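# Per-entry structural report
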Amino acid sequence: MSSSYKVQIKQLVHRVSLRLKLRRSITELGFGLAICFFACSGLLVLLLPFDIDLSRLESLGISAVVVILLGWLWIRAWCSVEDKDAARYLDTRKDLKDEFQSALWFIELKNATPSEHEEGFVNAHLQRAAKCANNIHVRDVIPSSIPSTVITSVAAILFFLATWLGVSDVVIAKKNKLDSQNIVASNSSEIAASYLEPMNVTEIEEINDALEALQNDEVSYEAKKEALQKARQVLDQINMEALMTREGLSKLSKMLIEQEGYESVGRALEQGNLEQAITLLKEKQIELASLAKVDEELNIKDQQAGSTERGRNITPGELGDAARDLINEVGRPDPRNITRLIENIEQAQQDMESQEKANTAASRMEGTGERMGLAQTGAADYGGRSATSDQAEAGNGTPSPDAGNNDMSGGSLFRRGSLSEDEEGDDGSATGAPEGHAAALALEGRMTKRLDAILKLEKTKVNSDESMEGDDSAWEFQASKQGRARSKAIQGLDGVAYDESEVMNSEFVSVEQKKSVQQYFLEIHEGNSK
Amino acid sequence: MTVNVEQRVRNFQDSFSLVVDEVSKVIVGNREVISNVLTCLLVRGHVLLEGIPGVGKTKLVQTLSDATDLGFSRIQFTPDLMPGDIIGSNVVRETDGGKKSFEFQRGPIFTNILLADEINRATPKTQSALLEAMQENSVSAGGSTHKLDQPFFVLATQNPIEMEGTYPLPEAQMDRFLYKLRLDFPQAADLLMIVERTTQQDDLTASQVLGKTEILAMRETARNVPVAQPIIEYAIAITLATHPESSQGHELAKQYVRFGSSPRGVQSLILGAKVNALLNDRFYVSVDDIKAVALPALRHRVLINFEAEAERINPDNILEEILRSVEIPKV
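Residues numbered from 1 in each chain as written. Chains lettered and ligands numbered in written order. Predicted model: local features only at pLDDT ≥ 70, side-chain atom pairs only at ≥ 80, totals over all residues. Heavy atoms only, no water.

## Here's the deal with the overall build of chain B
Assigned secondary structure in chain B consists of 15 helices and 11 strands. Out of the 331 residues belonging to chain B, those deemed buried represent 55%. Put simply, chain B shows about 15000 Å² of open surface, and 49% of that area lies on carbon and sulfur atoms. (Helix = DSSP H or I, 4+ residues; strand = E, 2+ residues; numbered from the N terminus. Buried < 20%, exposed > 50% of the residue type's maximum accessible area, 1.4 Å probe, protein only. Areas by Shrake-Rupley, 256 points an atom, 1.4 Å probe, with all protein chains shown as cover.)

As structure tokens, this is what we get:
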């Protein structure tokens, strides 16, 4: 047998074998890729309703499994092709009736050599096969075409990307669902109502309960008094939070005015127009979100991590720092920070709406209480926190913490209220009389204490018959006392002069200080309750 | 050497074509049958031709003998035919001096081409008289063995066994035939040609185109074609698939076959495939060659059972299914 024929045949078969291995490996790899990416797409879709967030380690694990699987497929496909298969493929493609298969078998014949008679035929066969091999181009046998599985795998990858982007959109949409509804929905009041914090609703209900108790003739005097006292404590808390919210909004507005691109938002906040500020921020957010959609660095995990839980009750003290992430950001702002800011402003808006409702209920409550002789100062004392009052009505130059009033210079009112029980005589009241304590202004917890004292004193006076009105009936006496106390309180407020050190400037009060004051009031309330 | 082989193969093909063409001048159609008959002649095999009366079985054999330079005898098998009528017998011969002695009188079997016409009309005993001659190429009579002249080639014809007055051939006898060929009833066009050729004044006769020496050379050429072992294994797998009791037996064989092919079946497959390869200008045997000769080589070796007969399933159906199902080997 001529060795040159063998070499030619073997070379051709080997080249075909290599090409077959490559083609089969690519085909298998494409198939594997398609399966993996379709599976990952399915996984993404399946995980969506469960809000399962894959960690980096889990993602790496899945990637490693996919890579190992693909590697195994590649090796398996590569090793599955032998020279025999290549020869067979050649014969099939060229319709050679097992010519190369037989030739290869005769070449690899080791133990048994062909008989003397057969040798001539074998040589002739190999010679003819070698001649045929010279005329065969491997590219003709295995054309360089893209296997269908590769196309399928590309489709799978595109499908995966589309799914991934779609899932990302869904995650963003889920996060901004309520925001979008706010923009689109016409019935914004219902949505706003749904935003009410459960705590505020409870507090308003407490005030309403007190109001009902006051209007109920069957409720005892002591019970009415106690209900009124509780309601006032609640009102204290709401007003304190509203004040801190406004301080935060003021600080936020100044911060945003100085920030390029957010001046309009800052000015809207400064003017107390929170709705406009939110609308402007949402426009900004939509604009940035459309840019961020093509940003591949933005992944689902980060988006979910960046979102703020809707029901989270941020403290009013944090409100001023709400735009910190946005302002400190380098380059294009992240829409998620805007989302966070919008949520914070919305929460502030809810706080103030709650306060407004609470004050409305409180106004009614105090009116009722006054008619029933439970209030010591009347509506004028609560003018500072009346739902409809404003700075002018407060009488002491203190701005109302009502919604829309962003002038936070009226912190002095609460500074006065923060006097301890021991300092009662130095509370700034010009009257010096027990009635003068009735002008204890907006600090309900403190005033509640004074109310008790007033009622006690008045009752004592009635009992000792030292009244200036002589034998007037109790209600007439009380009415005259009440009116006199009111006039004195107004006079006292007009004539009061505070030391500069006693006045709290909200612009320079730190969050910690505000919290400590708030805590102090709470402790007072708790002490009263006890 | 290579040139020599190629020349031999070319000569083989030319001679083969010559004979087939010459026979086809007389026999209309059935070119494949003619080719298969000649194949059997070239691989030392024998042929059993089956067909209804009048389709040209005897004429084919006569024409083949005319086309070749071979001796020809014809035996019309009848029920009263005796073995001695075929083989020959010892007769008493008296010399001029009055001395008497037994002398073997050769029967018609001592020829190159033996036409055993309507072999299934003779009794099995008579049919079996051909066994030794077909397998051993020799005849034993009167205590002595007589070698037959080569090439010795038996062409037996038979009518379908369901016809009246026939005796089925014994299995051993059937197995001696390399091929069993069927002559189908000619198509209309062929019939027209048959009528035209046979109703003229002068009957067409085939000319002699192939001598005995050439036939022997062709036999040697055919035998020398190499076969890769996987091809032989493929032929074996086909043969085993016909066996109902074999683990490699095909489902149809297990259901419808009483006895599968004998080892002679594999030999027939390989020998026939060798000639087929040469005729297709190949120096090696391929899977296609095996497939091409599988039906004529195995159909008479697969004995179907009653169930198959009841369901009108013939061996060809089973073999075709086996050929489809047996895995083609990686050479």
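## Focus: the packing of helix H1 (residues 3-47) of chain A against helix H4 (residues 99-107) of chain A
Residue and element names in this part refer to chain A. Close contact between H1 and H4 brings their axes to 10 Å; oriented N to C, the two are set at 120 degrees. Viewed along their axes, H1 and H4 adopt a mutual orientation that is oblique. In this structure, H1 crosses over H4, and the sense of that crossing is left-handed. Where H1 abuts H4, its residues Lys6, Ile9, Lys10, Leu12 and Val13 lie against Phe100, Ala103, Leu104 and Ile107. The residue inventory of the contact of H1 with H4, partitioned by class, reads 7 nonpolar, no polar and 2 charged. (Axes fitted to C-alpha atoms, helices over the stretch in contact; angles between N-to-C directions. Parallel < 35°, antiparallel > 145°, perpendicular 65-115°, else oblique. Left-handed = near helix turned anticlockwise from the far one by under 90°. Contact = heavy atoms within 4.5 Å. Nonpolar A, V, L, I, M, F, W, Y, C, P; charged D, E, K, R; others polar.)

## Some words on the pattern of salt bridges
All names here are of chain B. Taken as a whole and assessed by the stated rule, the structure comprises 19 salt bridges over all chains. With a closest N to O distance of 3.5 Å, Arg182 and Glu50 form a salt bridge. Here Glu50 lies in strand S1 (residues 47-50) and Arg182 lies in strand S9 (residues 179-182), a separation of 132 residues in the sequence. The class for Arg182 is partly exposed, based on a relative accessible area of 29%. Residue Glu50 is classed as buried on the basis of its relative accessible area, which comes to 13%. Across the pair Arg182 and Asp316 runs a salt bridge, and its minimum N-O distance is 3.0 Å. Note that Arg182 is positioned in strand S9 and Asp316 in helix H15 (residues 315-325), a separation of 134 residues in sequence. Each of Glu50, Lys180, Arg182, Arg299 and Asp316 takes part in one network of salt bridges that share partners. (Salt bridge = Lys/Arg side-chain N within 4 Å of Asp/Glu carboxyl O.)

## Some words on the nonpolar core
Ile9(A), Phe100(A), Val37(B), Leu49(B), Phe153(B), Leu155(B) and Ile290(B) are the most contacted members of the largest nonpolar core, which totals 105 residues. Sequence-distant contacts of Val37(B), defined by excluding residues within four places in its chain, comprise Val47(B), Leu49(B), Leu60(B), Leu64(B), Phe153(B), Leu155(B) and Leu181(B). Counting residues in hydrophobic clusters, the runner-up holds 26 residues, among them Leu48(B), Leu81(B), Ile109(B) and Leu114(B). (Core = buried A, V, L, I, M, F, W, Y, C linked by side-chain atoms within 4.5 Å.)

## Here's the deal with the pairing of strand S5 (residues 113-117) of chain B
Residues and elements named next belong to chain B. Counting buried positions over the 5 residues of S5 gives 5, a clear majority of the element. Neither face of S5 is left uncovered, since the one carrying Ile113, Leu115 and Asp117 and the one carrying Leu114 and Ala116 both have all their residues buried. Alignment of strand S2 (residues 72-76) against S5, held across 5 bridges, turns out to be parallel. Within the sheet, the bridge partner assigned to Phe72 lies in S5 and is Ile113. As paired elements, S5 and strand S8 (residues 153-158) share 4 bridges and run parallel to each other. Bridge pairing links Leu115 to Leu155 in S8. (Pairing = 2+ DSSP bridges.)

## Observations regarding the interface of chain A and chain B
Taken together, the 21 residues of chain A in the interface contact 28 residues of chain B. Three residues, Trp105(A), Phe121(A) and Arg128(A), lead the burial of chain A against chain B; their summed loss comes to 31% of the area buried on that side. We note a salt bridge from Asp288(B) to Lys97(A), for which the minimum N-O separation is 2.8 Å. At the junction of chain A and chain B, the tally comes to 6 residue pairs in polar contact (both at pLDDT 80 or more). Elements supplying a minimum of two residues to the side of chain A that touches chain B: helix H3 (83-94), H4 and helix H5 (116-134) of chain A. Sort the elements by how many residues they give to the side of chain A that touches chain B and H5(A) lands first, with 10 residues. Looking at the side of chain A that touches chain B, its residues break down into 6 nonpolar, 7 polar and 8 charged. (Buried area = accessible area lost by both parts, 1.4 Å probe. Polar contact = N/O pair within 3.5 Å; in protein donor to acceptor, adjacent residues only side chain to side chain.)

## What to know about a negative patch on the surface
Residue and element names in this part refer to chain A. There is a patch of like negative charges on the surface, built from Glu205, Glu206, Asp209 and Glu212. Residue position: Glu206 is located in helix H10 (residues 198-215). On the basis of relative accessibility, which here comes to 34%, the residue Glu206 falls in the partly exposed class. (Patch = residues over 30% accessible without salt bridge, like charges linked within 9 Å, V, L, I, M, F, W, Y side chains within 5 Å. Lys, Arg positive; Asp, Glu negative; His and termini not counted. Charge placed at Lys NZ, Arg CZ, Asp CG, Glu CD.)

## What about the pairing of strand S6 (residues 138-141) of chain B?
All names here are of chain B. Taken together, the 4 bridges between S6 and strand S7 (residues 144-147) define a ladder with antiparallel strand orientation. Following the sheet pairing, Val139 is matched in S7 by His146. The hairpin formed by S6 and S7 contains 2 residues between the paired strands, and Gly142 there has a positive phi angle of roughly 60 degrees.

## Here we look at the sheet that holds S2(B)
Residues and elements named next belong to chain B. As summarised here, the arrangement of the 5 strands in space is S2-S5-S8-S1-S9, forming an open sheet in which the pairing is parallel. Every other strand in the sheet has two partners, leaving S2 and S9 as the edge strands with one partner each. Averaged over all adjacent pairs, the angle separating strand axes in this sheet is 20 degrees, with direction ignored.

## Details of a nonpolar patch on the surface
Residue and element names in this part refer to chain A. Among the surface-exposed residues, Val154, Leu158 and Leu161 lie close enough to one another that they form a single nonpolar patch of about 260 Å² accessible area. Mapped onto the fold, Leu161 is located in helix H7 (residues 148-175). Judged by relative accessible area, Leu161 falls into the partly exposed class, the value being 38%.

## Quick look at the confidence of the model for chain A
All names here are of chain A. Residues with a pLDDT of 70 or more make up 55% of chain A, whose mean pLDDT is 67. Long-range and interchain partners of residues 375-449, a stretch whose pLDDT sits below 50, account for 169 contacts in this model, where long-range means more than four residues apart. In the predicted structure, residues 492-503 sits below a pLDDT of 50 and forms 12 contacts with residues beyond four places in sequence or in another chain. (pLDDT = per-residue confidence, 0-100.)

## Re the environment of Gly142(B)
Mapped onto the elements of the fold, Gly142(B) is located in the loop between S6 and S7. Sequence separation of Gly142(B) and Phe102(B) is 40 residues, and the distance between their C-alpha atoms is 9.1 Å.

## Topic: the packing of aromatic side chains
Applying the stated rule across the entire model yields 8 aromatic pairs over all chains. Consider the rings of Phe38(A) and Phe159(A), whose centres lie 5.6 Å apart with planes at 50 degrees: the pair is tilted. Here the residue Phe38(A) occupies a position in helix H1, and Phe159(A) occupies one in helix H7, the gap between them amounting to 121 residues. The exposure class assigned to Phe38(A) is partly exposed, which follows from its relative accessible area of 38%. Seen from their ring centres, Trp105(A) and Phe106(A) are 5.3 Å apart, and the 75 degrees between their planes marks the pair as edge-to-face. The pair formed by Trp105(A) and Phe106(A) is uniform in burial state, with each residue classed as buried. The cationic tip of Arg282(B) hangs over the ring face of Tyr284(B); the distance from NZ or CZ to the ring centre is 5.7 Å. (Phe/Tyr/Trp six-rings, centres within 6.5 Å; stacked < 30°, edge-to-face > 60°. Lys NZ or Arg CZ within 6 Å of the ring centre and 35° of its normal.)

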